[in-house]
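An overview of the molecular structure
Here are the chains, one letter per residue:
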Amino acid sequence: MASAENNAPRKKREGGEDISGVDEKRGRTEPDRLESCLDQPVDSSVLEVVKFTPSPLPAKHYDADTTEPISCGLCTMEELLSWKRSEANPFNVSVVPLAAREPPLASTPRRTLVSHDMMGGYLDDRFVQGTNTEAPYAFYHWQYIDIFNYFSHHLVTIPPAVWTNAAHRHGVIVLGTFITEWTSGAAMCEAFLKDEESYRAVADKLVQISHCHGFDGWLVNIENVLSKEAVKNTPLFLRYLTDQMHERVPSSLVLWYDSVLDSGELKWQNELNQSNRMFFDACDGLFTNYNWTEQNLEVMKEDSGAQGRQADIYVGVDVFARGHVVGGMFETNKALELIRRHNFSAAIFAPGWVYETHEDKSKFRKNQDKFWGLLSDYLYIHRPASPLPFISSFCQGFGKAIYWRGQQETKRSWFNLTAQEIQPLYYHVDLVAQGWLRSCGCPEDAWNGGCSLLLDGLIPAAHSPSLCAKIFSLHVPLAPKTLVTLVYKASAGVTVSLELMTADASQCKNIDVQEIQSTSVLPEFLDDGHDVVRHFTQLCGNLSPQGWTLRCTQLELSGCVLREVCVRIHRDGEPQDRPFSCRIGEIMILDVASLQVPPELVHGMCIEDVVWLHGAGTLQDSSSPCLHLNATLRWDYPAELVRHFRVYWRRLRGPDPRIPPGQLALVGRAYSNLFRVTELAIPDPPGLLELVVEPVLRKGFTIPESHWGRRSLSYTEDVTE
């Protein structure tokens, strides 16, 4: 499998267990760390002596200069076989469960896999808590794909948690990569495929790693010659790995890459045939090589070994178009057209081509939207099918600033895919009389996160006065009373309203969801004085729209499923060509019965893994170098309730008693109950500071400060030196 490697520049942010050792529940807190938190009395300060000793944190999991948590893979068989859950990176664990989708993957006859291979992997995405970067690569066309594979040339590629979080939020499963290649790979294969005990030991570790880090399976890529004994044991290894993955992670997949033959020879076939069928039969599917022709597809279509499993054959497409391939680059649609014509799944390799090969990174969104727009006729949209609430402010996980309710909370470029929210449909359509409509991400302004959804276009005089822009395709059961809120900012001369497509829930149980008959609903916006609107806005506190418009509507559609959310743009006045733009800031769909602030408090907040560093910068009103605090915060709070947490700090007491306590200052956003404070400039010792965690609810309701988490830290000089 081809790949271009490169060493990523460092960017700073503004073992011996058997298979029975896998916890039945993903994400279980490690006992030793939990005990260390409970050892800290809830109402007491953590006491620290400032010592500038080398960081005890493992360098492979934490940046050596800043202690920022990072993702990484495993390079050697020794690393793999000695892997222990207790020594794994607690930050590189997915915190987003795999969302329900419609149709389920198992019912999808023609699937789409994306294999993300970019410059050796672990670039900006290796920073678990995000990083400050001007022009990152991100993926946001999740509704088109079913499986995401993170690929690199490490022996074991563990997907960075930011990718798993973003994929899971959209119902997309995530595969790591297990690869051996060249003579060193052949030696490893001879060692671990020599007998049952050896290959089971490797498979057990792969299962444990997947389960611990929260991703869903493996692409197995053996690209070296195998001996007779090793190739005989390879299907047994695949079958054991597949069975164990299915047992531990019900949604999991194990795929085999088309490389080695049943003879042990390394010879890519570009199809499923008798020479590689035994590997296909032992796992969940085959990812073919890229140099196929239509004849290969025709042969596979007639192959008896493929009957009933055509969806499990993922025909490889190299977007870089290396070698003799069909399509590639901005003609990848030619390959997809042939693959779909013969009813196979597709594996799109390295779609990051749109980023890597175009020097002007400011055009990344435009190039990415163009690429996926060209493929859209051959891709199949799957719909989020989770219960209410359904909420999205369209954040793509990167931007020029971080916004909260229309105001900039942090004014700098950033990247963190865990912050990505459920993505809408992106498209460009031409209308009659040179009219057009476009849906795209807009980082220039946002309601929450890093971007809004921009609808712009031209309503020609010859067109009807209204355009209907589809935003989401869904499969979400509605409550007896459902509140829908829309935040938008429109240009003059147009009126904005909602159009919803619903269906009878009883219809959705026994027929193909694509055949469901939908009904259009045009709800009227409620007056600001309506009881539900007043109650909602009171719960949200001061919204301060800042030029944005917030409108609400209430549905009473018992027994219905919401299928589509659309925004109608209506041209005001007499017929004439009307250019328009409308930024959609947020859409929320809530059960009216749930409009209350949850009673939960942040519990069990603790501070651990403290590392002191000398800082290069200076504190305000001081000319001396900074003292930098680096520490891990942990707490307990129901993850399903929050969009993120705000982490603050303030000085309570310093060496000069004449200086009053400081105000809360924002440190950053956390997307789980775990956060690493890094390079926090604080006054010299002795001192007392407080670290504070505020839950930010998905529904936007304000949490009283009495529910926030707090822990103080007292620090003194080291008098032993």
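Residues numbered from 1 in each chain as written. Predicted model: local features only at pLDDT ≥ 70, side-chain atom pairs only at ≥ 80, totals over all residues. Heavy atoms only, no water.

The name an unreviewed UniProt entry assigns to the protein is Cytosolic endo-beta-N-acetylglucosaminidase, from the organism Parambassis ranga. The UniProt entry for the protein carries the following comment under Function (unreviewed entry): "Endoglycosidase that releases N-glycans from glycoproteins by cleaving the beta-1,4-glycosidic bond in the N,N'-diacetylchitobiose core. Involved in the processing of free oligosaccharides in the cytosol." UniProt annotates the protein under Subcellular location (unreviewed entry) with the comment "Cytoplasm, Cytosol". (UniProt positions renumbered as here; feature names shortened; annotations may be inferred.)

Time to look at the overall build of the protein. Helices and strands together make up the secondary structure of the protein, namely 12 helices and 35 strands. With the principal axes as the frame, the protein shows a C-alpha extent of 80 × 80 × 50 Å. Out of the 721 residues in the protein, the part that is buried amounts to 59%. With an accessible surface of roughly 29000 Å², the protein has 51% of that area assigned to carbon and sulfur atoms. (Helix = DSSP H or I, 4+ residues; strand = E, 2+ residues; numbered from the N terminus. Buried < 20%, exposed > 50% of the residue type's maximum accessible area, 1.4 Å probe, protein only. Areas by Shrake-Rupley, 256 points an atom, 1.4 Å probe, with all protein chains shown as cover.)

Looking now at the nonpolar core. Counting 124 residues, the largest nonpolar core has Phe178 and Phe237 as its most contacted members. Each of domain 1 (77–85 + 103–382) and domain 2 (390–595) contributes no fewer than three residues to this core. Beyond its immediate chain neighbours, meaning those up to four positions away, Phe178 contacts Leu80, Leu155, Val156, Phe192, Val202, Leu206, Trp218, Leu219, Val220, Asn221, Ile222 and Phe237. One finds Leu526, Cys552, Val642 and Leu697 within the second-largest nonpolar core, a separate group that totals 48 residues. (Core = buried A, V, L, I, M, F, W, Y, C linked by side-chain atoms within 4.5 Å. Domains from an automatic or database assignment. Contact = heavy atoms within 4.5 Å.)

So, about the pattern of salt bridges. A side chain with one charge can pair with a side chain of the opposite charge if their charged atoms come near. If you walk through the whole model with that rule in mind, you get 26 salt bridges. Across the pair Arg710 and Glu690 runs a salt bridge whose closest N-O atoms are separated by 3.4 Å. Pair noted here: Arg710 is in strand 35 (residues 709–717) and Glu690 is in strand 34 (residues 687–697), with a separation of 20 residues, a long-range link. Judged by relative accessible area, Glu690 falls into the buried class, the value being 10%. Put simply, Glu409, Arg646, Arg669 and Glu694 are held in one network by salt bridges that share partners. (Salt bridge = Lys/Arg side-chain N within 4 Å of Asp/Glu carboxyl O.)

Contact pair helix 9 (residues 332–341) / helix 11 (residues 364–375): the axes reach a minimum separation of 8 Å and the direction vectors enclose 25°. In terms of orientation, helix 9 and helix 11 fall into the roughly parallel class. Considering the relative orientation of helix 9 and helix 11, their crossing is right-handed. Between helix 9 and helix 11, the residues in contact are Thr332, Asn333 and Leu336 and Phe371, Leu374 and Leu375, respectively. The residue inventory of the contact of helix 9 with helix 11, partitioned by class, reads four nonpolar, two polar and no charged. (Axes fitted to C-alpha atoms, helices over the stretch in contact; angles between N-to-C directions. Parallel < 35°, antiparallel > 145°, perpendicular 65-115°, else oblique. Left-handed = near helix turned anticlockwise from the far one by under 90°. Nonpolar A, V, L, I, M, F, W, Y, C, P; charged D, E, K, R; others polar.)

Attention now goes to the sheet that holds strand 27 (residues 560–571). Note on sheets: strands pair through backbone hydrogen bonds, and any given pair is parallel or antiparallel. The four strands are arranged 22-27-24-25 in an open sheet whose pairing can be described as antiparallel. Every other strand in the sheet has two partners, leaving strand 22 (466–477) and strand 25 (519–521) as the edge strands with one partner each. Each strand of the sheet is rotated relative to its neighbour by a mean of 25°, with strand direction disregarded. Pairing of strand 24 (residues 494–504) with strand 27 involves 11 bridges; the strand directions are antiparallel. Bridging across to strand 27, Ala503 finds its partner in Val561. (Pairing = 2+ DSSP bridges.)

Domain assignment breaks the protein into domain 1 (77–85 + 103–382), domain 2 (390–595) and domain 3 (603–716). Computed from C-alpha atoms alone, the centre-to-centre distance between domain 1 and domain 3 is 41 Å.

Position of Asn149 among the secondary structure elements: in strand 4 (residues 147–150). Owing to a relative accessible area of 0%, Asn149 belongs among the buried residues under this scheme. Only 2.9 Å separates the side chain of Asn149 from the side chain of Thr177, close enough to count as a polar contact. (Polar contact = N/O pair within 3.5 Å; in protein donor to acceptor, adjacent residues only side chain to side chain.)

Further remarks concern the packing of aromatic side chains. Tallied over the entire structure, the rule returns 33 aromatic pairs. Through pairs of rings, three or more aromatic residues link up here, namely Tyr137, Phe139, Trp142, Phe148, Trp163, Tyr355, Phe364, Phe371, Trp372 and Phe398. Geometry around Phe280 places Arg309 over its ring, the cationic atom sitting 3.8 Å from the centre. (Phe/Tyr/Trp six-rings, centres within 6.5 Å; stacked < 30°, edge-to-face > 60°. Lys NZ or Arg CZ within 6 Å of the ring centre and 35° of its normal.)

The omega angle of the peptide bond from Glu102 to Pro103 is 0°, so this bond is cis rather than trans. Tracing the backbone through its elements, the reader meets Pro103 in the loop between strand 2 (101–102) and strand 3 (112–116). Cis geometry is found at the peptide bond from Leu388 to Pro389, where omega equals 5°. Tracing the sequence through the fold places Pro389 in the loop between strand 12 (383–384) and strand 13 (390–392). In this structure, Phe394 is a non-glycine residue whose phi angle is positive, near 70°. Counting through the fold element by element, Phe394 comes out in the loop between strand 13 and strand 14 (398–399).

Quick look at the pairing of strand 10 (residues 313–318) now. The element strand 10 is largely enclosed, with a buried count of six among its six residues. Once the chain exits strand 9 (residues 285–287) it traverses helix 8 (residues 294–302) before rejoining the sheet at strand 10, and the crossover so formed is right-handed. Pairing of strand 10 with strand 11 (residues 345–349), which is carried by five bridges, proceeds in the parallel orientation. Looking at the pairing, Tyr314 lines up with Ser345 of strand 11. (Right-handed = clockwise from strand over helix to strand, strands pointing away.)

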